[in-house]
Amino acid sequence: RLLRRAALATHARELQYQGDLLKAQPLYAKALAEPSDQYRLEGDYIRLMLDLGMTEWALARTSQVLSRIPASAAAACDRAAVTTQRARATEIADGPAALGDAREAVRLAATCGDPVILGGALVVYANAVSRVHYPSRAAALAQAKRLADGKSAWLSCWVDGNLG
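Heads up: these notes are all about the structure in this document. Position numbers for residues start from 1 in each chain and track the written sequence from start to end. For a predicted model such as this one, the threshold for reporting local features is a pLDDT of at least 70, and the threshold for listing and counting side-chain atom pairs is 80 or more; totals across whole chains, interfaces and linings nevertheless cover every residue. Processing note: side-chain calculations cover all non-hydrogen atoms of the structure and skip hydrogens and water entirely.

Side note on the overall build of the protein chain
Right, so step 1: Regarding its fold elements, the protein chain presents nine helices and zero strands.
Right, so step 2: Working definition: helices are DSSP H or I runs of at least four residues, strands are E runs of at least two. Numbering for both runs from the N terminus. Shown N-terminal to C-terminal, the secondary structure of the protein chain runs as helices and strands in the order α-α-α-α-α-α-α-α-α.
Right, so step 3: In this treatment the radius of gyration is a C-alpha quantity, and the globule benchmark scales as 2.2 Å times the residue count to the 0.38 power. Rg of the C-alpha trace for the protein chain: 15 Å, near the compact-globule value of 15 Å for 164 residues, within the 12% margin.
Right, so step 4: Looking at the protein chain residue by residue over its 164 residues, the buried ones come to 48%.
Right, so step 5: Only heavy atoms enter the contact rule, under which two residues are in contact if any of them lie within 4.5 Å. For the protein chain, long-range pairs separated by at least 24 residues make up 53% of all intrachain contacts whose partners lie at least 6 apart in sequence.
Right, so step 6: Total accessible area on the protein chain is roughly 8,000 Å²; 56% of this is exposed by carbon and sulfur atoms.
Right, so step 7: The convention is simple: Lys and Arg are positive, Asp and Glu are negative, and His and the chain ends are not counted. To locate a charge, take NZ of a lysine, CZ of an arginine, CG of an aspartate or CD of a glutamate. Treating the 20 positive side-chain charges of the protein chain as one cloud and the 16 negative ones as another, the clouds have centres 1 Å apart. Under the scheme applied here, a residue whose accessible area is under 20% of the maximum for its type counts as buried, over 50% as exposed, and between as partly exposed, the area being computed with a 1.4 Å probe on protein chains only. Exposure was quantified through the Shrake-Rupley algorithm and a 1.4 Å probe, taking into account, for residues, occlusion by the shown protein chains and nothing else.

Focus on the state of the cysteines
Right, so step 1: Two cysteine sulfur atoms make up a disulfide if the distance between them is within 2.5 Å. Overall, the coordinates contain one disulfide when judged by the stated rule.
Right, so step 2: In this model C77 forms its disulfide with C112; the gap between the sulfur atoms is 1.8 Å. Across the S-S bond of C77 and C112 the torsion is about 90°, and the bridge reads as right-handed. With C77 in helix α5 (residues 76–94) and C112 in helix α6 (residues 99–112), this pair connects stretches of sequence that are 35 residues apart. In this structure, C77 and C112 share a single accessibility class: buried.

Overview of the pattern of salt bridges
Right, so step 1: Any carboxyl oxygen of Asp or Glu within 4 Å of a side-chain nitrogen of Lys or Arg constitutes a salt bridge here. In this structure the tally under the stated criterion is 13 salt bridges.
Right, so step 2: Notably, a salt bridge pairs R68 with E42, separated by 3.2 Å at the nearest N-O pair. Residue R68 is located in helix α4 (residues 55–68), and its partner E42 is located in helix α3 (residues 39–51); the two are separated by 26 residues in the primary sequence.
Right, so step 3: Shared partners join several salt bridges into a network, and the residues in it are R13, D44 and R47.

With respect to the environment of E104
Right, so step 1: Residue placement: E104 occurs in helix α6.
Right, so step 2: You can call E104 partly exposed: its relative accessible area is 28%.
Right, so step 3: As a C-alpha pair, E104 and N127 span 23 residues in sequence and 14 Å in three-dimensional space.
Right, so step 4: Under the rule applied, a polar contact is a pair of N or O atoms within 3.5 Å (in protein, one hydrogen donor and one hydrogen acceptor; residues adjacent in sequence only if both atoms are side-chain atoms). Of note is the side chain of E104, whose polar atom sits 2.7 Å from the side chain of R107.

A look at the layout of surface pockets
Over the atoms rolls a probe the size of a water molecule, and its path tells where empty space is left.
Right, so step 1: A pocket, in this scheme, is an open set of points on a 1 Å grid over the protein atoms alone with protein on both sides within 12 Å along at least 5 of 7 lines, while a cavity is a set where a 1.4 Å probe fits but cannot get out; residues line either one if an atom lies within 4 Å of a point. Grid points are joined across faces, edges and corners, and a volume is the space filled by probe spheres set on the points. Its volume calculated, the largest pocket comes out at about 250 Å³.
Right, so step 2: Each residue is assigned to one class: nonpolar for Ala, Val, Leu, Ile, Met, Phe, Trp, Tyr, Cys and Pro, charged for Asp, Glu, Lys and Arg, and polar for all the others, Gly among them. A breakdown of the residues in the lining of the largest pocket according to their chemical character gives seven nonpolar, five polar and five charged.

Focus: helix α8 (residues 134–148)
Right, so step 1: Across its 15 residues, α8 extends 21 Å between first and last C-alpha, which sits within 8% of the 21 Å expected from 1.5 Å per residue.
Right, so step 2: Within the span of α8, buried status applies to R137, A140, L141, A144, L147 and A148. For α8, the arc enclosing every buried residue in end-on projection is 120°, short of the 170-degree limit, so these residues lie on one face. Projecting away from the buried face of α8 at angles above 90 degrees are the exposed residues P135 and R146.
Right, so step 3: Against the buried residues of α8 lie α7 (115–129) and α9 (153–163).
Right, so step 4: Phi for G150, located one or two positions after α8, is positive at around 75°. Multiplying 1.5 Å by the helix residue count minus one yields the expected span of that helix. Here the arc refers to the set of directions running from the helix axis out to each C-beta atom.

Considering the side chain of R88
Right, so step 1: Summarising the element assignment, R88 is placed in helix α5.
Right, so step 2: Assessed through its relative accessible area of 14%, R88 is described here as buried.
Right, so step 3: When sequence neighbours within four positions are dropped, the list of residues in contact with R88 reads R47, L50, D51, V124 and W158.

Keep in mind that these numbers describe shape and distance, not what the molecule does.
Shown next, in the form of structure tokens:
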């Protein structure tokens, strides 16, 4: 049963990355209806819901998921991915108040070592810092672009969308 739910969530992620958000959403909802330890998939589900405009849902879900993720080196990337989505949701909901969350997302992502997770955190940081220091925004997006290059078409697209 757990394997089936993980496979369903993985299929939802594939649909999400292909741009088919409306087909991915019910699959994620079914696969992750019960609390799980599939934290990276939870982060992707939260990102999808933010893309669909479900900010309040995303804020509630990030709180639930972050309370379950162990504070360990092994879970650093998962915590960074979910924290990045929390920072993104906070920025959408509260604007400038999100800068602290965005900084925390970058800090966690840097300890994780995954360039795609770090790149995503940098995009969220760039959006949060743009109101107070545009050069930091530009530097964060430039670094995210370098991190995405050849590693993630999705991240490259997200960076390009923020550069344009």
